[in-house]
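Geometric and topological summary
Here's the letter readout for the chains.
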Amino acid sequence: MIDQIKDFASWFFVTGDPLIYGADVAIVLTMAAIVIVLTYFKKWGWLWREWLTTVDHKRVGIMYIIASLLMLFRGGVDALMMRTQLAFPDMKFLSPEHYNEVFTTHGVIMILFMAMPLMFGLFNIAVPLQIGARDVAFPFLNSLSFWLFFFGAMLFNMSFVIGGSANAGWLSYPPLSELTGSPGVGEDFYIWGVQISGIGSLMTGINFIVTIVKMRAPGMTWSKVPMFTWSVLSSCIAIIVAFPVLTVTLALLFLDRFLGAHFFTMDGGGNAMMYVNLIWMWGHPEVYIVVLPAFGIFSEIVATFSKKRLFGYGSMVFAMISISLMAYFTWLHHFFTMGSGADVNLFFAITTMIIAIPTGVKIFNWLFTMYRGRITITTPMLWTIGFIPCFVIGGMTGVMLSVAPADFQFHNSYFLIAHFHQVLIGGVAFGYFAGLSYWWPKMFGFKLNETIGKWAFWTWNIGFYVCFMPQYVVGLDGMTRRVSSYGWDTGWWALNFISTIGGFLMGLGFLFQVWQIAHSIKFMEKDTTGDPWGARTLEWSIPSPAPMYNFAMTPIVTDRDDWWEEKERIAAGKAPKAKPELEPIHMPKNSPLPFIQSICWFIVGFGLVFHWLWIAIPGFIGVAATMLAHSFNYDTDYYIPVDEIKRMEAEARGGV
Amino acid sequence: MAQTHNRSQALAHAGGHEGHHDLEELRKFGFWIFLITDCILFSALFATYLVLHENTAGGPGAKELFEMPGVIAETFILLTSSFTSGLAVLAMNAGNRKGLIFWLIVTVLLGACFIGMEVTEFSKLVSEGHTIYSSAFLSGFFTLVGTHGLHVSLGICWITALIIQLTRRGITPVTRRKVHITSLYWHFLDAVWIFVFTFVYLMGVM
Ligand code: HEM
Ligand SMILES: [Cu+2]
């Protein structure tokens, strides 16, 4: 009996690696610390009422951001482990098998559990406020989306201490990801972690499309919509087209593994290329999904800190929408070398190159906005300026990659790794960092420390070039991706070593960011204006942090950059716009169902990973029960009376 | 000044009024977008089926396996249920709660018949040894048709829950929206079935 338990435990828990034991201890200690702190300060009720059951988009946004920063830490540790191994190829810091798990985990976490939630966090913080809405269209669904993401991410993260992680790369190509290639549970963790959170992403896409299309303040015609909101709309259009394909792809892979179906297997008539086509039909748009909102953020920031209207509004909108649509006709550039034939390759090479055009247009628009502007260099502006050269180089190497014949050389080399990190870090990560520091005062009512922020920016930026420029060279020298070691005769060592130094510099940059946040919380200066940057769009017209109902009275929009124009009118001695009367405000009630339902999904996923139906089936029943409970619940909203609004407004404006 | 004031008031009334009415509109619009995503989901499944449908791995293909009379009967049943769900909406618009509930029950029963026949078809295939793991063709077939069946089953549960709500609460703006949405969903599943019928069964046996 004891032996059986031992056997089970050594199979169930990942064993044998000191790094993993370290992680086990860290996890147990962290959990214990959280439980003790919450109990000691009697904060369980607060946590439940104010956060776990909230449907307020601003709080949901904050939870997204916290979760994504934790994931950035985890993905970053993975990155540094890989870089350490590559700097000392003889040291055997990571075994090849462990290395495979680490790069797979790193890729999945960075894209799906870091970039996506950080992006959704910013959607939630900014979009309803920018368009003068009281909330998103479906607050309940919004909270459900968050919790699905959260528990999907937890399921995936568990795999490295329980069962073992996926190791077939972040897109899990078969036959490697089939039972024949990966007999363990790692791939199943991947499938269910990504599937559960992916459904959350899809619902967010729907939610924000409806919000933006239907809930703009009166007077906000399409030509007056702020640029970030436009970028969110284009990103969400891409989401609703791409994510159903991901759902199907993962489901089919699961059927192969669970029921022995033959979609992508080598035998039984399966076709592994079909998987590659399907996954990139999601995967390519996915990179535009994460980068488009960054473009929106840069547009807001450039205009605000140049004290000028954004140059080329129309062309910017056109560029973003066309990128989100064109993204669907480029997927094949990820496998030029897989023998689709010259005509097919040619078509996808050209479509890929065409996307460079709208992207170029945008860069010029930002530059023209800055031209002759009164520029102030704040941290958000620094991230924006740092992004431009980075993205230009990344874009050019991207066009090099899109030349189908040349791709036979670059394919799967470090050249590619350098390219996509250049656009993902320089475009996406820098963009969201910019957005985070820009909207931080709106979220919390105080600014982040500028000095430490600048240190963070410079270490990230320099670290970036030190890390990835050598990789272009070593890639052209023939170093392929996903190798955990190489020989001294290759001559790759020096470049790899430099690259690792750069990686650690970025790690230092992350520490600066953590310090920046901690320091600012301690020594913050409260922002009483609600508009600390002298910004242009509606979210800055209300107090910070925004009251729970956002706008006491629905704003009436007459101009693009409405808040800026209003300030100009007042400064010129004209009368401000008349405000409508206060009316009782209609609010959604909190609900525990999204949280509970997501836990049930987690249970379903966990049961299916281990093929334990006795766990999965109760989970399913829980999901069904919470859905029914929601359908039968008619008591979902309430009104805030006018007196109460008056009181809350006075308090918010009074700054206490 | 007075003019701007009037204009703002008018605008505020045109768009700014919140409350149940707008909420129901939002939900309908959101549901349409959900249907688009569901369309894409089915397109991916159809594409996979069409790519794999000749990969029978030496086993029997569509021609040998499909029995059209049953499928044609299923099709008629589902089409009829779409019609009865339309009658339900008409009854609701006429304010006739009894009629509404009656037609919804008929719709659910027809849906259940459809699912029953599908289950029979599947279990017959399986008992003859043609399962999801026999070949890529059958994997694609069971998954595509099964996903449609799963959607129909969900619809049945959903409409049943709605019938209970209607008996308790009658026709309110909320239940009215729910009826509209479920009937939209039901018609959508009908449309998807037409494609299944054409691309899987008809083209399979021809
Ligand atoms: C903090 C700085 C980062 C460093 C030092 C770093 C390092 C690395 C390294 C060394 C690899 C190659 C693994 C291999 O092929 O052997 C890799 C792969 C990858 N990285 Fe990063 N990374 C960083 C940030 C990011 C970010 C921010 C993202 C996405 C938003 C990202 C996404 C990916 C993806 C998708 C892969 C491919 C994984 C695979 O091959 O399956 N990385 N990274
Ligand atoms: Cu691509």
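Now for a quick tour of the structure. (Residues numbered from 1 in each chain as written. Chains lettered and ligands numbered in written order. Predicted model: local features only at pLDDT ≥ 70, side-chain atom pairs only at ≥ 80, totals over all residues. Heavy atoms only, no water.)

1. Regarding the overall build of chain B
When helices and strands are counted, chain B shows seven helices and zero strands. Reading the helices (α) and strands (β) of chain B from amino to carboxyl end gives α-α-α-α-α-α-α. For chain B, the proportion of its 206 residues judged to be buried stands at 49%. Here the analysis covers contacts within chain B between residues at least 6 apart in sequence; of these, 83% occur between residues at least 24 apart. Total accessible area on chain B stands at roughly 9600 Å², and carbon and sulfur atoms take up 69% of it. (Helix = DSSP H or I, 4+ residues; strand = E, 2+ residues; numbered from the N terminus. Buried < 20%, exposed > 50% of the residue type's maximum accessible area, 1.4 Å probe, protein only. Contact = heavy atoms within 4.5 Å. Areas by Shrake-Rupley, 256 points an atom, 1.4 Å probe, with all protein chains shown as cover.)

2. Some points on the overall build of chain A
In terms of regular secondary structure, chain A is built from 20 helices and two strands. Relative to the compact-globule value of 26 Å for 656 residues, chain A shows a C-alpha radius of gyration of 25 Å, a close match. Reported as C-alpha extents along the three principal axes, the dimensions of chain A are approximately 75 × 60 × 45 Å. Within chain A, the proportion of its 656 residues that are buried is 59%. Sequence-distant contacts, at least 24 apart, represent 83% of the contacts inside chain A between residues at least 6 apart. Just so you have it, chain A exposes about 25500 Å², and 72% of that area is on carbon and sulfur atoms. Taken together, the 38 basic and 41 acidic charged side chains of chain A have centroids lying 11 Å from each other. (Rg over C-alpha atoms; globule rule 2.2 N^0.38 Å. Lys, Arg positive; Asp, Glu negative; His and termini not counted. Charge placed at Lys NZ, Arg CZ, Asp CG, Glu CD.)

3. Quick word on the packing of helix H4 (residues 57–87) of chain A against helix H6 (residues 139–158) of chain A
All names here are of chain A. Taken N-terminus to C-terminus, the directions of H4 and H6 make an angle of 15°; their axes are 10 Å apart at the nearest point. Put simply, H4 runs roughly parallel to H6. For H4 against H6, the interelement crossing comes out left-handed. Contacts between H4 and H6 involve His-57, Val-60, Met-63, Tyr-64, Ala-67, Met-71 and Arg-74 from the first element and Asn-142, Ser-143, Ser-145, Phe-146, Trp-147, Phe-149, Phe-150, Met-154 and Asn-157 from the second. Grouping the constituent residues of the contact of H4 with H6 by class yields ten nonpolar, five polar and one charged. (Axes fitted to C-alpha atoms, helices over the stretch in contact; angles between N-to-C directions. Parallel < 35°, antiparallel > 145°, perpendicular 65-115°, else oblique. Left-handed = near helix turned anticlockwise from the far one by under 90°. Nonpolar A, V, L, I, M, F, W, Y, C, P; charged D, E, K, R; others polar.)

4. A word on the interface of chain B and chain A
Every contact between the two is made by 46 residues of chain B and, on the other side, 45 residues of chain A. A combined buried area of about 3800 Å² lies between chain B and chain A, and 74% of that area is made up of carbon and sulfur atoms. Taken together, chain B and chain A are joined by zero salt bridges. Between the two partners, chain B and chain A, sit seven residue pairs in polar contact (both at pLDDT 80 or more). (Buried area = accessible area lost by both parts, 1.4 Å probe. Salt bridge = Lys/Arg side-chain N within 4 Å of Asp/Glu carboxyl O. Polar contact = N/O pair within 3.5 Å; in protein donor to acceptor, adjacent residues only side chain to side chain.)

5. Comments concerning the coordination of the iron atom of ligand 1
All names here are of chain A. Surrounding the iron atom of ligand 1 are the protein donor atoms His-106 (NE2) and His-421 (NE2), which sit 2.0 to 2.1 Å from the metal. One can describe the donor arrangement at the iron atom of ligand 1 as octahedral, given that its six donor atoms subtend angles of 87 to 180° at the metal. With His-106 in helix H5 (residues 96–130) and His-421 in helix H14 (residues 414–444), this residue pair connects regions lying 315 residues apart in the sequence. His-106 gets classed as buried once you look at its relative accessible area, which sits at 13%. (Donors = N, O, S within 2.8 Å, 3.2 Å for Na, K, Ca; no water. Tetrahedral: all angles 85-135°; square planar, octahedral: opposite > 155°, others 65-115°.)

6. Some remarks on the packing of helix H9 (residues 272–306) of chain A against helix H10 (residues 313–326) of chain A
Packed helices, taken two at a time, are described by the angle between their axes plus the distance between the axes. Residue and element names in this part refer to chain A. At a closest axis distance of 10 Å, the pairing of H9 and H10 adopts a crossing angle of 170°. Our classification of the angle between H9 and H10 gives roughly antiparallel. Contacts between H9 and H10 involve Tyr-288, Leu-292, Phe-295 and Ser-299 on the former and, on the latter, Met-316, Met-320, Ile-323 and Ser-324. Partitioning the contact of H9 with H10 into residue classes produces six nonpolar, two polar and no charged.

7. Topic: the pattern of salt bridges
Residue and element names in this part refer to chain A. This model, assessed by the stated rule, comprises 16 salt bridges over all chains. For Glu-450, the salt bridge identified is with Lys-454, shortest N-O distance 3.8 Å. On the criterion of helical spacing, the pair formed by Glu-450 and Lys-454 is a turn pair, its members being four residues apart in helix H15 (residues 450–476). A relative accessible area of 22% places Glu-450 in the partly exposed class. Salt-bridge contacts for Asp-561 lead to Arg-536; the nearest nitrogen and oxygen are separated by 2.7 Å. With Asp-561 in the loop between helix H16 (493–523) and helix H17 (562–571) and Arg-536 in the loop between H16 and H17, this pair connects stretches of sequence that are 25 residues apart.

8. Observations concerning the nonpolar core
The biggest cluster of nonpolar side chains holds 238 residues, and the ones touching the most others in it are A:Phe295, A:Trp366, A:Tyr432, B:Phe141 and B:Tyr201. The element contributing the most residues to this core is H9(A), with 20 residues. Sequence-distant contacts of A:Trp366, defined by excluding residues within four places in its chain, comprise A:Phe295, A:Phe298, A:Ser299, A:Val302, A:Leu310, A:Met316, A:Phe387 and A:Ile388. If you look at the next biggest cluster of nonpolar residues, it comprises 13 residues, including A:Val102, A:Tyr414, A:Val474 and A:Tyr486. (Core = buried A, V, L, I, M, F, W, Y, C linked by side-chain atoms within 4.5 Å.)

9. Details of the packing of aromatic side chains
All names here are of chain A. Following the criterion strictly, the structure yields 99 aromatic pairs over all chains and no others. Relative to Phe-150, the ring of Trp-147 lies with its centre 5.4 Å away and its plane at 80°, an arrangement referred to as edge-to-face. Taken together, the residues Trp-147 and Phe-150, both in helix H6 and three residues apart, mark about one turn of the helix. The ring of Trp-46 has Lys-43 sitting right over it, with the charged end atom 5.1 Å from the ring centre. Residue placement shows Arg-59 over the ring face of Trp-51; its charged tip is 4.8 Å from the ring centre. (Phe/Tyr/Trp six-rings, centres within 6.5 Å; stacked < 30°, edge-to-face > 60°. Lys NZ or Arg CZ within 6 Å of the ring centre and 35° of its normal.)

10. Focus: H17(A)
All of the buried residues along H17(A) are A:Asp562, A:Trp563, A:Trp564 and A:Glu566. A:Gly573 occupies a position one or two residues after H17(A) and carries a positive phi of about 80°.

11. Focus: the site of ligand 1
All names here are of chain A. Neighbouring ligand 1 are 22 residues; Tyr-99, His-106, Trp-170, His-421 and Arg-482 lie closest to it. Here Tyr-99 contributes a side-chain N or O atom positioned 2.7 Å from an oxygen atom of ligand 1. Among the elements of the structure, H4, H5 and H14 are those that each provide at least two residues to the shell around ligand 1. The greatest single-element share of the shell around ligand 1, amounting to seven residues, is contributed by H5. Looking at the shell around ligand 1, its residues break down into 16 nonpolar, four polar and two charged. (Near = heavy atom within 4 Å.)

12. Focus on the side chain of B:Arg177
Within the element layout of this structure, B:Arg177 appears in helix H7 (residues 173–205). For B:Arg177, the contacting residues outside a window of four places in its chain are B:Glu24, B:Arg27 and B:Lys28.

13. So, a nonpolar patch on the surface
Residue and element names in this part refer to chain B. Together, Leu-50, Ile-72, Phe-76, Leu-79, Ile-194, Phe-195, Phe-199 and Met-203 make up an exposed nonpolar region whose accessible area comes to about 700 Å². For the nonpolar patch, the elements supplying multiple residues, two or more each, are helix H4 (68–93) and H7. Looking at the nonpolar patch element by element, the count peaks at four residues for H7. Of note, Phe-76 is situated in helix H4. On the accessibility criterion, Phe-76 (55% relative accessible area) is exposed. (Patch = residues over 30% accessible without salt bridge, like charges linked within 9 Å, V, L, I, M, F, W, Y side chains within 5 Å.)

14. Re unusual backbone geometry
Residues and elements named next belong to chain A. In this chain, Pro-174 is followed by Pro-175 through a cis amide linkage whose omega measures 5°. A positive phi angle, close to 50°, is found at Lys-42, a residue other than glycine. Mapped onto the secondary structure, Lys-42 falls in the loop between helix H2 (18–40) and helix H3 (44–52). Relative accessible area serves as the criterion here: at 72%, Lys-42 is assigned to the exposed category. Positive phi values are uncommon outside glycine, yet Lys-92 reaches one of about 55°. One can find Lys-92 in the loop between H4 and H5.

15. Things to note about helix H11 (residues 342–370) of chain A
With 29 residues, H11(A) extends 43 Å from end C-alpha to end C-alpha; this agrees with the ideal 42 Å at 1.5 Å per step. Positive phi shows up at A:Arg372, right after H11(A), with a value of about 60°. (Expected span 1.5 Å × (residues − 1).)

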